[in-house]
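So the chains spell out like this:
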Amino acid sequence: MKAYKGVVENGVVVIIGGRLPEGAVVTVTVGEGELLRARITNVLKRPRKVRVRLKPTPGLAATAAGPLHAALPGADD
């Protein structure tokens, strides 16, 4: 095994001062500081998911069925 220095550019690891054959299997080691910074940046930039849960009111479904049914096209058929 041999160690090469590299840098990440646009999400791709670019090796500095070395050439590897096509299809070579590599292992990338990331320092703790860079990994922690990347995780924090990812959490801050990630859009937040908002979940809305609606609990149906038992009496509402029965009273709303009449007007809703009448408003549907072809309800009179």
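Placed above this text is the structure.
Residues numbered from 1 in each chain as written. Predicted model: local features only at pLDDT ≥ 70, side-chain atom pairs only at ≥ 80, totals over all residues. Heavy atoms only, no water.

1. Side note on the overall build of the protein
- Of the regular secondary structure elements, the protein holds 2 helices and 2 strands.
- The burial tally for the protein puts 0% of its 77 residues in the buried class.
- In the form shown here, the protein has an accessible surface area of approximately 8200 Å², with 59% of it arising from carbon and sulfur atoms. (Helix = DSSP H or I, 4+ residues; strand = E, 2+ residues; numbered from the N terminus. Buried < 20%, exposed > 50% of the residue type's maximum accessible area, 1.4 Å probe, protein only. Areas by Shrake-Rupley, 256 points an atom, 1.4 Å probe, with all protein chains shown as cover.)

2. Things to note about a nonpolar patch on the surface
- Taken together, the side chains of Y4, V8, V13, I15, L20, V26, V28, V30 and L35 define a hydrophobic patch exposed on the protein surface, amounting to about 730 Å² of accessible area.
- Along the chain, L35 turns up in helix α1 (residues 32-45).
- With relative accessibility at 33%, the residue L35 sits in the partly exposed group. (Patch = residues over 30% accessible without salt bridge, like charges linked within 9 Å, V, L, I, M, F, W, Y side chains within 5 Å. Salt bridge = Lys/Arg side-chain N within 4 Å of Asp/Glu carboxyl O.)

3. Here we look at α1
- With 14 residues, α1 extends 20 Å between its outermost C-alpha atoms, agreeing within 8% with the 20 Å of an ideal straight helix rising 1.5 Å per residue.
- Of all 14 residues making up α1, only 0 are buried, and the element is barely covered by its neighbours. (Expected span 1.5 Å × (residues − 1).)

4. Quick notes on a positive patch on the surface
- Together, R46, K49, R51, R53 and K55 give the surface a local cluster of positive charge.
- Tracing the backbone through its elements, the reader meets R53 in the loop between α1 and α2 (58-71).
- Using a relative accessible area of 73% as the deciding quantity, one classes R53 as exposed. (Lys, Arg positive; Asp, Glu negative; His and termini not counted. Charge placed at Lys NZ, Arg CZ, Asp CG, Glu CD.)

5. So, the pairing of strand β1 (residues 5-9)
- In terms of strand pairing, β1 meets strand β2 (residues 12-16) through 5 bridges, oriented antiparallel. Looking across to β2, one finds that G6 is bridged to I15.
- Counting the residues that bridge the hairpin from β1 to β2 gives 2 residues, and of these N10 lies at a positive phi of roughly 55°. (Pairing = 2+ DSSP bridges.)

6. Brief notes about the environment of V26
- With respect to the secondary-structure elements, V26 resides in the loop between β2 and α1.
- Separated by 23 residues in the primary sequence, V26 and A3 place their C-alpha atoms 9.7 Å from one another.

7. Some details on unusual backbone geometry
- Backbone geometry places N10, a non-glycine residue, at a positive phi of 55°.
- Mapping N10 onto the fold places it in the loop between β1 and β2.

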